[in-house]
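What the coordinates show
The residues making up each chain are set out below.
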Amino acid sequence: MLNVKTILFCAFILGGISQLNAQEDTSNYEEDYSIYDNLDYVDEGTKSFASAKISGISPARLISVGYDFQGSYDISAGGIGAFGPQTARVNSTQGLRIGANIPVISKNSLIVQLGGQIWDVNYDFNDPNSLTHPMLSALSNNNLTTLGLNSTIFKPLNETNFILVQLASDMNGDFDLSNFQAFKYNTYSAAAIWGKRPSDYKQWGVGLSRTYRAGELNYIPIFLFNWTSPTSKWGTELLLPARGHIRYTLNRQNMLFFGFELEGNSYKFDEGGISMANNLFTPVDDLQIRRSELRVRFQWQRKLIGFVWIALEAGYRNNYSFNVDEVPGGQDFYRGFFGDQPLAIENSLTNPLYFNVSFNLVSP
Amino acid sequence: MILTVIYIFTSCEKTQNVNTEIELELSADGPFFQGGNSFMVDLEPDFSKIFEEKTITSQDIKKINIKKAIVSFNAEDSVNFEGFTSASLQLVSDNIPMQSIAVLNPITSSSNTIELTVSNEVDLTDFFKQESFTVLLDLDFKDDDYKDQMILTLKMDLAIEHKI
Amino acid sequence: MNTKFKLMKNLKITLLFAFASLFSFGLFAQDEADLLIGVWEPSHGKAKVKIEKIGSKYYGKIVWLKEPNDPETGKPKVDKNNTDESMRSTPLRGYRILKDFEYTDKKTWTEGTIYDPENGSTYSSTIKMKDENTLDIRGYIGVSALGRTDVWKRLQMPSKKK
């Protein structure tokens, strides 16, 4: 005669066996695709959010290692204090560019990226021994280096609208990595855009920025417009006035671009071996090169293997500014279009061709 | 020095190419509704049936490519491919990632046989080194079909490179 | 003698129930693993994906597309960005974009991949079930930190709505 414990045990096991039979392969049955036209969410109130990207846009770079090279040009440095003007030939300006942009939060409702960059600009003068101008000597003896940190926040408000905010701080100067310059000379940039993503093929926005792309501190409006044609062959990637490109897609792993980028920042420089202490009316620590260049270029981006892409760039480097300002104690000022603060040194550069190659780990 | 020696050894390894045909019966239970339906069969690779020399095992296999995939209904079933829009062939295993190996889209044939376009890149070696794996054929039906069961024959021509 | 008999009997019963418990815990884990099965919608709303089980692993195939036809050709969308040219005619409807997911524990499925037909790229992927009707699907390159999480919501037939 069965006792209660035995009955319970058998019920337990039999129940388990029936469960096991229920967990079978679920794929081998018929499919009627028409039933999927009208499905509801199980939960109420599901919210969709605008994506940060549009269809067909070039892939975002997580890690980038590249090299930049400008051909020969002349640099004419204006006089300062007891130092007269001097024109010198630069054989090339070149250096390594390393950057990273890592998504620390990456989900539908919020993307936060933290990034950094190290750029090195090496000035190879044709006859460095002939340099008598302190700025030229500084450029010849030391590289110009940029160390930067940035953060980008993409916050979609709903399916269509979004806010994009970017903050950056850069240390720019002729220091080396073993001997940083004081943080008080850092430049601070920011941008805020309110935008719309009306479809998978279009995204636009307007905003304001605090920027050093023109070399000195500026506050300017900005305009974002990313678009892909219905055939996915053509597109635009614009963030004006900083950069703008027309894109032609050969296939999703191979793209061509034509456009421009305005690059710039404000660089502190040292004496560079020529003592200016007795010959200037201003401390050399207060001088900053307002470096800005407009690069018009062709670019080819291609997938190499996996998520590693190569980007090749060739174009024309048009100097926008290489003047020097007095920035006492690193406390910058806003000249804008109507300011009359005098320049410390007025410089001009002729314009060469330039080339850039980079290897990039791109993002999903 | 040692690395160089190893490289010379492996580069001198002799291999042989063999073409073989595998025939399988795939089935699915109905009723079948308009849209995708999956036909499956489990395959246990048996190299003794492929090679005359019984000493060749899965460890001797260097590469397996698919050269041809032909799917057909039995003539006596009176079914042809007019009622189907596409076919996609995949291999599934518990131990290695699923792999798509052949496709035909669109299906324009009104006969009871179709030949799929095979992948030129995929290597099936890892599947054939398993004790068993599943061959999965997804067929897209134009309309509902209320048969209880449907059976297809799949013939695969394979090119096998193996060590001698 | 009676005491020894009772002890042996109790030991047998204890062992039997221990075995039954282990068995049922295994089944409970299986129940949790199969929670993934169903129809889900990614956040972009452009597709619906049905997750099913083949063998011991989980796969998700596209069963609905918001834009089923390619605007360039006017025909049903195919996998035109696949790096394997010979497979570019594979229809997207029915395409398994989630592959090879294995249940680990705590409502997490790993060792899978997610395929993006927009660019022909396959990413490593893990799925975490936030609740029974919400999935966090993370696609990444190499390490999880270099990736993006998308939230998928479960769908149901209108007649079953509460």
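Predicted model, so just to flag it, every value in this text is computed and none were measured.

Let's shift gears to the overall build of chain A. Counting its regular elements, chain A contains two helices and 17 strands. A burial count over chain A gives 34% of its 364 residues as buried. Sequence separation of 24 or more characterises 61% of the internal contacts of chain A that already satisfy a separation of 6 or more.

Here we come to the overall build of chain B. The helix and strand inventory of chain B stands at three helices and eight strands. Mapped from its N terminus to its C terminus, chain B presents α and β elements in the order α-β-β-α-β-β-β-β-α-β-β. When its C-alpha atoms are laid out on the principal axes, chain B stretches across 65 × 30 × 25 Å. Counting every position in chain B, which comprises 164 residues, the buried fraction comes to 32%. The contacts of chain B with a sequence gap of at least 6 include a subset with a gap of at least 24, amounting to 75%.

The next subject is the interface of chain C and chain B. Buried accessible area, meaning the area lost when the parts come together, often serves as the stated size of an interface. With 17 residues of chain C at the contact, the number on the chain B side is 18 residues. Elements supplying a minimum of two residues to the side of chain C that touches chain B: β3 (57-65) and β4 (96-103) of chain C. Among the elements that take part in the side of chain C that touches chain B, β4 of chain C stands out by supplying three residues, more than any other. Residues of the side of chain C that touches chain B, tallied by class, amount to five nonpolar, seven polar and five charged.

Take helix α2 (residues 134-141) of chain A next. All names here are of chain A. Among the eight residues in α2, seven count as buried, and that is most of the element. Three or more residues of α2 are buried, namely Pro134, Met135, Leu136, Ser137, Ala138, Leu139 and Ser140. In this structure, the buried residues of α2 make contact with β3 (73-77), β4 (86-107), β5 (110-125) and β15 (308-326).

Let's shift gears to the environment of Lys155 of chain B. All names here are of chain B. By secondary structure assignment, the location of Lys155 is in strand β8 (residues 149-163). When the 15 C-beta atoms within 10 Å are taken as the criterion, Lys155 is described as partly exposed. If near-sequence neighbours (up to four positions away) are discounted, Lys155 is found in contact with Glu21, Glu23 and Ile70.

A word on the nonpolar core. One finds Ala69, Ala87, Leu116 and Leu137 of chain B to be the most contacted residues of the largest nonpolar core, which totals 66 residues. Top element by residues in this core is strand β7 (residues 133-141) of chain B. It accounts for six residues. Sequence-distant contacts of Ala69 of chain B, defined by excluding residues within four places in its chain, comprise Leu89, Ala102, Leu116, Val118, Leu154 and Met156 of chain B. Membership of the second largest hydrophobic core comes to 24 residues, among which are Trp119, Val121, Tyr123 and Leu131 of chain A.

With that settled, the discussion passes to the confidence of the model for chain A. Averaged over every residue, the pLDDT of chain A is 87; residues scoring 70 or more account for 86%. The lowest-confidence element of chain A is helix α1 (residues 4-22) of chain A, averaging 46 in pLDDT; the highest-confidence one is strand β11 (residues 234-240) of chain A, averaging 98.

All names here are of chain A. Strand direction decides the pairing type here: strand β12 (residues 243-251) and strand β13 (residues 254-268), joined by eight bridges, are antiparallel. The residue bridging Asn251 from the neighbouring strand is Asn254, located in β13. In sequence, β12 turns back onto β13 through a hairpin of two residues. Direction of pairing for β13 relative to strand β14 (residues 287-305): antiparallel, over a ladder of 15 bridges. The residue bridging Tyr267 from the neighbouring strand is Ile289, located in β14.

This next bit is on the confidence of the model for chain B. Residues and elements named next belong to chain B. Residues of chain B with pLDDT of at least 70 account for 91%, and the chain-wide mean is 88. Of the regions scoring below 50 in pLDDT, residues 1-8 engages in zero contacts with residues more than four places distant in sequence or in other chains. Across the assembled chains, the prediction reports ipTM 0.83 with pTM 0.81.

Attention now moves to the environment of Asp29 of chain B. All names here are of chain B. Following the sequence through the fold, Asp29 ends up in strand β1 (residues 15-29). Its 14 C-beta neighbours within 10 Å are what place Asp29 among the partly exposed residues. When the C-alpha atoms of Asp29 and Ile64 are compared, they prove to be 31 Å apart, with 35 residues separating the residues in sequence. In this structure Asp29 touches Asp148 and Gln149, once residues within four positions along its chain are discounted.

Right, let's talk about unusual backbone geometry for a bit. Gly30 of chain B connects to Pro31 of chain B through a cis peptide bond whose omega is 0 degrees. Relative to the assigned elements, Pro31 of chain B resides in the loop between β1 and β2 (35-43). Following Asn105 of chain B, the chain continues into Pro106 of chain B via a peptide bond in cis, with omega recorded as 5 degrees. Positionally, Pro106 of chain B belongs in the loop between β5 (99-104) and β6 (113-118). Unusually for a residue other than glycine, Ser78 of chain B sits at a positive phi of about 55 degrees. Mapped onto the secondary structure, Ser78 of chain B falls in the loop between β3 (61-73) and β4 (84-92). The class of Ser78 of chain B is exposed, set by 8 C-beta atoms lying within 10 Å. With a phi angle near 65 degrees, Glu111 of chain C is a residue other than glycine that sits in the positive phi range. With respect to the secondary-structure elements, Glu111 of chain C resides in strand β5 (residues 108-116). Residue class for Glu111 of chain C comes out partly exposed when judged on the 15 C-beta atoms lying within 10 Å of it.

The next thing to look at is the environment of Val357 of chain A. Residue and element names in this part refer to chain A. Here Val357 lies in strand β17 (residues 353-362). On the neighbour-count criterion, Val357 (14 C-beta atoms within 10 Å) is partly exposed. For the pair Val357 and Ala311, spaced 46 residues apart in sequence, the C-alpha to C-alpha distance is 5.7 Å. Sequence-distant contacts of Val357, that is, excluding residues within four places in its chain, are made with Gly66, Tyr67 and Leu312.

About the thresholds
- Residues numbered from 1 in each chain as written.
- Chains lettered and ligands numbered in written order.
- Predicted model: local features only at pLDDT ≥ 70, side-chain atom pairs only at ≥ 80, totals over all residues.
- Helix = DSSP H or I, 4+ residues; strand = E, 2+ residues; numbered from the N terminus.
- Buried ≥ 20, exposed ≤ 12 C-beta atoms within 10 Å, placed from the backbone.
- Contact = placed C-beta atoms within 7 Å.
- Nonpolar A, V, L, I, M, F, W, Y, C, P; charged D, E, K, R; others polar.
- Core = buried A, V, L, I, M, F, W, Y, C linked by C-beta atoms within 7 Å.
- pLDDT = per-residue confidence, 0-100.
- Pairing = 2+ DSSP bridges.

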